[in-house]
Amino acid sequence: MPAVKIPATIAAEVATPVMGRAATAAGFALLSIFWPGATNQVLAYSLAAFMVISAKFLWDYASAPSAPKRVRGLYAVAAVGMILAGLVMAFRPETVVIGIAAAAAWIIAGVLEIVVYIRHRAGFVPFKDQLVTGFVSLGAGAALLLGLDMDAHALLGLAGGGAILLAVFELISAFGLRHAAKETETGLWS
């Protein structure tokens, strides 16, 4: 079966939010790998920042002019969940609270991304990537729930592992979108 071609105008609209989400995940993943003795505060504030910034790019993606308006509610729920989780983590930097808040946000976002894929992929070609990011988010959330008894450093590693997977898939998607957008437009990240 031939690959579905994304129109250049649509690709140009969503390439930057996807790359922003990828860069956010990659930045958090690098921090999680190279921070030697992470404390609760490091875990709470870095994961909260990751959640809030990711929510912004998730909303930018759903707000693209060509994106179906009916999915914005689903993405708004995911973005608000991530922001609320970030706030909870920032104000209650305890490992159990952080783990539960982050897991809840990732699971909610993952489920909603899978719903978007199932219901709307035919109407908006970039939604084909939501199946992968949805399952990565579900996996990261489940891993955090299973690791609630771990210390801050271990939880940071679990969250960072999920962010690494998310970053890889989002980078692949972003560069594919960039390539599709450059077929007719010049200037996108050039």
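Everything that follows concerns the structure shown earlier in this document.
Here the structure is a predicted model, which means the values were calculated and not measured.

K.L.:
Even after reading the chapter, I still don't get the pattern of salt bridges, so can you show me in this structure?
P.N.:
Two side chains of opposite charge can pair, provided their charged atoms sit close to one another. On inspection of all chains with the given rule, the structure shows 5 salt bridges. For Glu170, the salt bridge identified is with Arg21, shortest N-O distance 3.2 Å. Residue Glu170 is located in helix H6 (residues 152–182), and its partner Arg21 is located in helix H1 (residues 8–34); the two are separated by 149 residues in the primary sequence. Looking at Glu170, the relative accessible area reads 4%, which means it is buried. Arg92 is the salt-bridge partner of Glu94, the closest N and O atoms lying 2.9 Å from each other. A residue is classified by how much of its surface remains accessible, and Glu94, at 36% relative accessible area, is partly exposed. On the accessibility criterion, Arg92 (42% relative accessible area) is partly exposed.

K.L.:
I tried to follow the packing of aromatic side chains on my own but got confused; where do I start?
P.N.:
According to the stated counting rule, one finds 6 aromatic pairs in the structure shown. Each ring, one from Phe28 and one from Phe50, has its centre 5.0 Å from the other, and the planes form 25°; the classification is stacked. In this pair, Phe28 is assigned in helix H1 and Phe50 in helix H2 (residues 40–62), connecting sequence segments 22 residues apart. Taken together, Tyr61, Tyr75, Phe124 and Phe127 form an aromatic cluster joined through their ring pairs.

The rules behind these values
- Residues numbered from 1 in each chain as written.
- Predicted model: local features only at pLDDT ≥ 70, side-chain atom pairs only at ≥ 80, totals over all residues.
- Heavy atoms only, no water.
- Salt bridge = Lys/Arg side-chain N within 4 Å of Asp/Glu carboxyl O.
- Helix = DSSP H or I, 4+ residues; strand = E, 2+ residues; numbered from the N terminus.
- Buried < 20%, exposed > 50% of the residue type's maximum accessible area, 1.4 Å probe, protein only.
- Phe/Tyr/Trp six-rings, centres within 6.5 Å; stacked < 30°, edge-to-face > 60°.

The values are spatial; any link to function lies outside them.
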